Amino acid sequence: MGYRVAVVGATGNVGREMLNILEEVNFPVDKIHAIASRKSIGVEVAFGEKIIKCEDVEQFDFSKVDLVLMSVSGAFSKEWSPKIGAAGPIVIDNSSAWRMDPDVPLIVPEVNPDDVSYAHKKNIIANPNCSTAQLVVALKPLHDRAKIKRAVVATYQSVSGAGKDGMDELFNQTRAVFVADPIETKKFTKRIAFNVIPHIDVFMEDGYTKEEWKVLAETKKMLDPKIKVTCTAVRVPVFIGHSESVNIEFENEITADQARDILREAPGCLVIDKHENGGYITPYESAGEDATYISRIREDATVENGLNLWVVSDNLRKGAALNAIQIAELLVNRGLIKPRKQAA
Ligand SMILES: NC(=O)c1ccc[n+]([C@@H]2O[C@H](COP(=O)([O-])OP(=O)(O)OC[C@H]3O[C@@H](n4cnc5c(N)ncnc54)[C@H](OP(=O)(O)O)[C@@H]3O)[C@@H](O)[C@H]2O)c1
């Protein structure tokens, strides 16, 4: 017996990837619903070999499903997730709306799977920010071994992290450069084609951006509140795949060789780290893959017990859709969702 699953935001970058991955991992689906806004009623999306038609969120009866994978905006989730959770199903939400709510677990299954135990408080589970997800997958095994004191992170985030409009903007601007058309800037604050922008999400009072704040706040919630994290988040003209340069200071001694061995055994991590041309992973190669890739592992001689890493992953998969479905699998494996009997 399988589950009745609704994907809300099914026409979006993350929603489409969710449908792909549910099929790829053979998630036990009895019935699948693709949900989006009214303007998308009848729009066709792929679920494996099948084509399904989108339904309108306003008209949908959420009490008839067991699990909702949601990937819309934070404002939408603030309004809809509590209503849906109250109707019965568990909502796994990709937006930033619930991540820091103490009654909502924020989960990366390789890092803090046991937090799923309080998912029923609100029937909402939060998926982390895309940059945080891959970061904590890499940090967790190193923290377990040598205790991280401080991490300094610089992100190189692809345009798909800003939704399908972000991808369209990079494509259109790149084309415009080649045909000498005027460059239109709508989604990003400056031109993104052949450029980088040190600004993602809104500015906060202290001069950091909300995206930078998310990386530190979410890392503390999932991994350890004592870890100090600072971040500079940068948008780069890459379609899919986020990269991170990470400098870590540990409490205890750890060499680059030891870190390499630990990460080789760690769940979700794949070490590609040869000291030769091309002996590392770039975001282009991570697209469509599940792993968090770790390359360029080096000791930092400027601090005691310091390491530098290069961490790359597909932001639409581990940073969003894959992580959400791994959470759903965790719920199933721990018996925390049960398929409800179909109405006769
Ligand atoms: N992209 C990433 O790497 C990533 C990673 C982690 C988290 N997230 C988060 O995931 C969420 C979705 O991101 P995305 O990249 O998939 O965005 P996207 O490509 O812009 O897709 C947005 C989806 O939301 C739907 N939607 C918008 N307004 C709606 C409404 N009023 N009612 C019902 N559906 C509505 C859209 O449906 P229509 O087509 O009908 O408008 C579309 O399916 C965001 O909160 C984002 O921050 C994204």
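A brief structural summary.

### Structural notes on the sheet that holds strand β5 (residues 67–70)
Backbone-to-backbone hydrogen bonds pair the strands of a sheet. The strands run either parallel or antiparallel. The mixed open sheet is built from seven strands, whose spatial order is β3-β4-β2-β1-β5-β6-β7. The sheet is open, and its two edges are formed by β3 (44–47) and β7 (124–126), each paired on a single side. Going from strand to strand, the sheet's axes swing by 30° on average, the running direction of each strand aside. Lying over the sheet, helix α2 (residues 74–86) contacts β1 (3–8), β5, β6 (90–93) and β7, oriented at roughly 175° with respect to β5.

### Notes on the site of the ligand
Around the ligand, 26 residues are found, and the nearest of them are T11, S37, K39, S40 and V72. Between the ligand and T11, the relevant distance is 2.5 Å, taken from an oxygen atom to a side-chain nitrogen or oxygen of the residue. Here the ligand has 910 Å² of accessible area as a free molecule, and 79% of this is covered by the chains. Every element with two or more residues in the shell around the ligand is listed here: α1 (13–24), α4 (163–179) and α8 (317–333). Across the shell around the ligand, the residue classes break down as nine nonpolar, 15 polar and two charged.

### Quick notes on the packing of α1 against α8
The relative placement of two packed helices is expressed as an angle between their axes plus a distance between the axes. Two numbers describe how α1 lies on α8: the axes approach to 9 Å, and their chain directions differ by 45°. Taken together, the axes of α1 and α8 lie oblique to each other. Our pair here, α1 against α8, has a crossing hand that is right-handed. Contact with α1, carried on its side by V14, E17, M18, I21, L22 and E24, involves R317, A320, A321, L322, A324 and I325 of α8 and no other residues of that element.

### Observations concerning the side chain of N308
Tracing the backbone through its elements, the reader meets N308 in strand β13 (residues 306–313). Note on N308: relative accessible area 17%, which makes it buried. In this view, N308 contacts V246, N247, R296, I297, R298 and D300; residues no more than four positions away in its chain are not counted.

### Side note on the sheet that holds strand β9 (residues 228–235)
As summarised here, the arrangement of the six strands in space is β9-β8-β10-β13-β12-β11, forming an open sheet in which the pairing is mixed. The sheet is open, and its two edges are formed by β9 and β11 (269–271), each paired on a single side. Strand-to-strand, the axes of this sheet are offset by a mean angle of 25°, without reference to chain direction. With eight bridges joining them, strand β8 (residues 148–157) and β9 adopt parallel strand pairing. Residue pairing in the sheet places Y156 in a bridge with V234 of β9. Seen against the sheet, helix α5 (residues 210–222) touches β8 and β9 and runs at an angle of roughly 145° to β9.

The rules behind each value
- Residues numbered from 1 in each chain as written.
- Predicted model: local features only at pLDDT ≥ 70, side-chain atom pairs only at ≥ 80, totals over all residues.
- Heavy atoms only, no water.
- Pairing = 2+ DSSP bridges.
- Helix = DSSP H or I, 4+ residues; strand = E, 2+ residues; numbered from the N terminus.
- Axes fitted to C-alpha atoms, helices over the stretch in contact; angles between N-to-C directions.
- Contact = heavy atoms within 4.5 Å.
- Near = heavy atom within 4 Å.
- Polar contact = N/O pair within 3.5 Å; in protein donor to acceptor, adjacent residues only side chain to side chain.
- Areas by Shrake-Rupley, 256 points an atom, 1.4 Å probe, with all protein chains shown as cover.
- Nonpolar A, V, L, I, M, F, W, Y, C, P; charged D, E, K, R; others polar.
- Parallel < 35°, antiparallel > 145°, perpendicular 65-115°, else oblique.
- Left-handed = near helix turned anticlockwise from the far one by under 90°.
- Buried < 20%, exposed > 50% of the residue type's maximum accessible area, 1.4 Å probe, protein only.

Without other data, these values stay purely geometric and don't point to any function.
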